[in-house]
Amino acid sequence: MSTKVEHRVVSGHGSLKTLIGAGDRIALFTLPFLVVGLVLNLTVPFLFAVGGPPAGLRTISIAILIVGMVVWVWSAALILRKVPRGELITGGPFHVVKHPLYTGVALLVLPWLGLLLNTWLGAAIGIVLYMGCRMFAPAEEAELSTTFGQRWNDYLDTVLLPWV
């Protein structure tokens, strides 16, 4: 399936706002939790310790973290390359979930990085980030629907895990 837009895209398609999507609102929602969590984690680390992962879980954590970083970098590269040209991204990690940048960091990077660093803070911040994505992504999706029309609807039918 071609990712080229077959009709005119609304003006400003290459703007910074278009590149960011709902990311700014998600970041602002998550930031207070992150700051408070980091301060508490540094001042009373024993409250956050998970006992360090055993060797097997450490290996699994590293493997999932690597996958999460690949998803994040791949998604960011697609966004930086295609969004300024007004293209709808439907391939790669976007074929699996609608928001791989947000979802990848929230579910594949933060929790497993936290586990490796002996803190459950990564999982907590990942949950908050994912909640922010679920709260603010619908506005981004409405804008994509307006911009791409039927192409957006067709894309939604192909996403493997649309609820994630």
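Residues numbered from 1 in each chain as written. Predicted model: local features only at pLDDT ≥ 70, side-chain atom pairs only at ≥ 80, totals over all residues. Heavy atoms only, no water.

**Quick word on the overall build of the chain**
Thought 1: If you tally the helices and strands in the chain, you get seven helices and zero strands.
Thought 2: The secondary structure elements of the chain, listed N-terminal to C-terminal, are α-α-α-α-α-α-α.
Thought 3: Within the chain, contacts between residues at least 6 apart in sequence are counted, and of these 79% link residues at least 24 apart.
Thought 4: For the chain, the exposed surface amounts to about 9100 Å²; the carbon and sulfur share of it is 74%. (Helix = DSSP H or I, 4+ residues; strand = E, 2+ residues; numbered from the N terminus. Contact = heavy atoms within 4.5 Å. Areas by Shrake-Rupley, 256 points an atom, 1.4 Å probe, with all protein chains shown as cover.)

**Here's the deal with helix 5 (residues 100-116)**
Thought 1: Between the first and last C-alpha of helix 5 there are 22 Å, a value that for 17 residues agrees with the 24 Å anticipated at 1.5 Å per step.
Thought 2: At Val-109, helix 5 is bent by approximately 30°, the largest bend along its length, and proline Pro-111 sits one to four residues beyond.
Thought 3: When helix 5 is considered as a whole, its buried residues turn out to be Pro-100, Tyr-102, Thr-103, Gly-104, Val-105, Ala-106, Val-109, Pro-111, Gly-114 and Leu-115.
Thought 4: Taken from the residues just after helix 5, Asn-118 is the one with a positive phi, measuring 65°. (Expected span 1.5 Å × (residues − 1). Bend = angle between axes of the 7 residues up to and from the residue. Buried < 20%, exposed > 50% of the residue type's maximum accessible area, 1.4 Å probe, protein only.)

**Topic: the confidence of the model for the chain**
Thought 1: The predicted model of the chain has a mean per-residue pLDDT of 87, with 88% of residues at 70 or higher.
Thought 2: When the criterion is pLDDT under 50, residues 1-12 qualifies, and its contacts beyond four places in sequence or with other chains add up to 22 contacts. (pLDDT = per-residue confidence, 0-100.)

**Quick word on the nonpolar core**
Thought 1: Counting residues in each nonpolar core, the largest one holds ten residues, listed as Leu-78, Ile-79, Val-83, Leu-88, Ile-89, Phe-94, Phe-148, Trp-152, Tyr-155 and Val-159.
Thought 2: Secondary-structure elements contributing two or more residues to this core are helix 3 (55-82) and helix 7 (150-158).
Thought 3: Counting eight residues, the second largest nonpolar core, distinct from the first, contains Ile-26, Val-105, Leu-129 and Ala-137. (Core = buried A, V, L, I, M, F, W, Y, C linked by side-chain atoms within 4.5 Å.)

**Topic: unusual backbone geometry**
Thought 1: Here the phi dihedral of Asn-118 falls at roughly 65°; this positive angle occurs in a residue that is not glycine.
Thought 2: Turning to its location among the elements, Asn-118 is positioned in the loop between helix 5 and helix 6 (121-148).
Thought 3: Given the relative accessible area of 30%, Asn-118 is considered partly exposed.

**Concerning the pattern of salt bridges**
Thought 1: All chains considered together, the criterion is met by four salt bridges.
Thought 2: One salt bridge in this structure joins Arg-25 and Asp-24, with 3.7 Å as the shortest N-O distance.
Thought 3: On the basis of relative accessible area, Arg-25 is assigned to the partly exposed category, the value being 29%.
Thought 4: Assessed through its relative accessible area of 33%, Asp-24 is described here as partly exposed.
Thought 5: Between Lys-82 and Glu-87 there is a salt bridge, with the nearest N and O atoms lying 3.3 Å from each other. For the pair formed by Lys-82 and Glu-87, the shared burial category is buried. (Salt bridge = Lys/Arg side-chain N within 4 Å of Asp/Glu carboxyl O.)

**Side note on the packing of aromatic side chains**
Thought 1: What the rule picks out here adds up to four aromatic pairs.
Thought 2: Judged by centre distance (5.8 Å) and plane angle (50°), the rings of Phe-29 and Phe-33 are tilted. Of this pair, Phe-29 and Phe-33 are both found in helix 2 (residues 23-43), four residues apart, which corresponds to roughly one turn of the helix.
Thought 3: Summarising the aromatic geometry, the rings of Phe-48 and Trp-120 are spaced 4.9 Å apart at their centres and angled 25° between planes, so their arrangement reads as stacked. Highlighted residues: Phe-48 in the loop between helix 2 and helix 3 and Trp-120 in the loop between helix 5 and helix 6, separated in sequence by 72 residues. (Phe/Tyr/Trp six-rings, centres within 6.5 Å; stacked < 30°, edge-to-face > 60°.)

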